[in-house]
Amino acid sequence: MTREETVTQTIKENQVLFTKAVNNLKKINSFEKRLKLANIALQYVWLNPSCYYSSSSLEKVYVEYSNRIESDVDEVYSENTCLIVLTTPYKLGGHTRVVERWIESDLNCKYSVLISDMTNGYISDRLKNDVEESGGKIFILNKEDSLEIKAKKMRKVASSFECVLLFVHMDDPLPIVAFANKSFHRPVGFYNHADHLFGIGYSVVDSLIEMRDWGKKISENYRGVFSSHTIAVPSEHKSPSFGKEQARKILSIPEKSKIIVSVGTEFKFYPNEHVNLNSVIDAILSQNPDYYYYVIGVINGKIPSWNYLTEKYGDRFRLLPPMPHDELIEYLVASDLLIDSLPVSGMTTMQDAVMCEVPILTTISRVDWIKEGCGYCKDLDELILTSLRCLSDDNMRIRLLEQTKTSLIGMTGMKAFASKVQNYMNELKTLTHCVHDFNESPTSLIDADKRIYGMFAHSPKSIKAKRFLHYYVEYSHSLAKFMCSSYVLIDDAVNELRKKIALRTRLKRFLNRNN
């Protein structure tokens, strides 16, 4: 069986099992059993692509749960206040950066932040300062609390604000349980930062924000959720106060060396059959002994080919841990070229690099400013060729940077972002909160195949948290060469496979007992 045939068969199996689970939700009389099945099914559909991007049947269970949980709410709220709900803030990545820039762009509103899960979380000094200067505060829920207790606390806190804005993980049912209760009346917005994944929470969202037109089409066609707002991830159009020479002195980088960087959490670099960034790194470093490649954001460094690159190139290939944003900026300024984290892209880091006067290259084509700015390469061969030309030809590097920067500023400028944020917030505050019905429409199997091959690599899941397996795993020759297409680490793959099998088994057993 070919890989494509395996993918097709796996998706069919996933869809059949998930559809059966959803149908059983309507037949089970016991609410406790329905809630248990919903929890299992939610993790299953997140774990296994099944042509679904949302599920009204799952959400109805959590809506019912919400209305079974009574708690005190404040009837009076403070005007011009907003509670931003974050599942988890991070050191790296665009998720937390968007929150920071959102608060900074709206001086007419006092923002507070509620964090529901600080496991592996990191609150940056910038976020702390933004909230403090806005006149708000940061709330952190106890990770040991149950879903019910967290929902009560979140509902109580949120009721004292004029509106709520969600920046939450796509598998997080907590906002539904907190805000679907009939006693809660504050309007709720949601920044759909993972538009390419199955998600939950749409039933309590009064106004959905999409990052791009592509995501809007997905929500309208397959989630049954409509939105009139598209607000792209913003880029900060201010250059650092120091230049490349100073940055290299700070970081002890040789002046004549050429520095290439890639930035992202480790799972973003795990190769699949279609994209292997390590082959690009090897091809670039082999061309010149003055070329250095830094991969920033690595915790464990367990990708096998990284050992090969380290042995072959010594300190010319370096793995650096996650770092505060200010320190990351120093590395970007000191660099000559940023190559996107692949297969899983890092859009915000590319924006930051351009504003640090560093050209960027990627094979990801669904971002308009990248295509317009000539930073897009159609395949890895073109990526290698363009990288080498850029490193050896300063004039080409400057042209590439100027074209990309012009495109970036024109499409994702902070001025335009601030205007959209303020207009959105003004509208959100006027809305009446309610629970919304929606009718999702699963994609066809052909569409799902295409999106898995072209889109699944963009999942923002954290490997360190070991929460989900988005795709499937497969053996290659022996357990020692275990491969995982969803980019989990080699040593973790066995545990992830066991988790997947256990989850599938639990779901089947539950369905069989209740038939």
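Owing to the predicted nature of the structure, the values given are computational and were not obtained by experimental measurement.

Draft legend 1. Representation of the side chain of threonine 88 within the structure. Here threonine 88 lies in the loop between strand S1 (78-86) and helix H4 (94-105). Separated by 2.8 Å, the side chain of threonine 88 and the backbone oxygen of aspartate 117 make a polar contact. Leave out the neighbours within four places in its chain, and threonine 88 touches His95, Asp117, Thr119, Asn120, Gly121 and His169.

Draft legend 2. Up close: the packing of aromatic side chains. Per the counting criterion, the structure on display carries 14 aromatic pairs. Centroid distance tyrosine 294 to tyrosine 331: 6.1 Å. Interplanar angle 75°. Geometry classified as edge-to-face. With tyrosine 294 in strand S9 (residues 291-296) and tyrosine 331 in helix H12 (residues 325-333), this pair connects stretches of sequence that are 37 residues apart. What makes tyrosine 294 buried here is its relative accessible area of 2%. Judged by relative accessible area, tyrosine 331 falls into the buried class, the value being 13%. In this structure, arginine 68 packs its charged tip against the face of phenylalanine 31, placed 4.1 Å from the ring centre. Above the plane of the ring of tyrosine 122 lies lysine 91, whose end atom (NZ or CZ) is 5.0 Å from the centre.

Draft legend 3. Local environment of the sheet that holds strand S10 (residues 317-320). Strands sit in the order S10-S9-S8-S11-S12 across an open sheet of five strands; the sheet is parallel. Looking at which strands have only one partner, the edges of the open sheet turn out to be S10 and strand S12 (360-361). As judged from the two bridges shared by strand S8 (residues 258-263) and strand S11 (residues 337-339), these two strands associate in the parallel manner. What sits directly across from isoleucine 260, in S11, is leucine 337. Along the sheet face, helix H11 (residues 304-313) touches S9 and S10 and points at about 130° away from the line of S10.

Draft legend 4. Up close: the pattern of salt bridges. Enumeration over the complete set of coordinates arrives at 18 salt bridges. Its salt-bridge partner being lysine 244, residue aspartate 336 comes within 2.7 Å of it at the nearest N-O pair. Of this pair, aspartate 336 sits in the loop between H12 and S11 while lysine 244 sits in helix H9 (residues 244-251), placing them 92 residues apart in sequence. Here glutamate 382 ties to lysine 378 by a salt bridge, and the two come within 3.0 Å at their closest N and O atoms. Residue classification places glutamate 382 among the partly exposed residues on the basis of a relative accessible area of 25%. The class of lysine 378 is exposed, set by a relative accessible area of 60%. Taken together, the shared-partner salt bridges connect Arg97, Glu100, Glu104 and Arg126 into one network.

Draft legend 5. Inspection of a positive patch on the surface at higher detail. There is a patch of like positive charges on the surface, built from Lys33, Lys36, Arg506, Arg509 and Arg513. Every element with two or more residues in the positive patch is listed here: helix H2 (31-47) and helix H19 (490-513). The element contributing the most residues to the positive patch is H19, with three residues. Within the element layout of this structure, lysine 36 appears in helix H2.

What counts, and at which threshold
Residues numbered from 1 in each chain as written. Predicted model: local features only at pLDDT ≥ 70, side-chain atom pairs only at ≥ 80, totals over all residues. Heavy atoms only, no water. Helix = DSSP H or I, 4+ residues; strand = E, 2+ residues; numbered from the N terminus. Polar contact = N/O pair within 3.5 Å; in protein donor to acceptor, adjacent residues only side chain to side chain. Contact = heavy atoms within 4.5 Å. Phe/Tyr/Trp six-rings, centres within 6.5 Å; stacked < 30°, edge-to-face > 60°. Buried < 20%, exposed > 50% of the residue type's maximum accessible area, 1.4 Å probe, protein only. Lys NZ or Arg CZ within 6 Å of the ring centre and 35° of its normal. Pairing = 2+ DSSP bridges. Axes fitted to C-alpha atoms, helices over the stretch in contact; angles between N-to-C directions. Salt bridge = Lys/Arg side-chain N within 4 Å of Asp/Glu carboxyl O. Patch = residues over 30% accessible without salt bridge, like charges linked within 9 Å, V, L, I, M, F, W, Y side chains within 5 Å. Areas by Shrake-Rupley, 256 points an atom, 1.4 Å probe, with all protein chains shown as cover. Lys, Arg positive; Asp, Glu negative; His and termini not counted. Charge placed at Lys NZ, Arg CZ, Asp CG, Glu CD.

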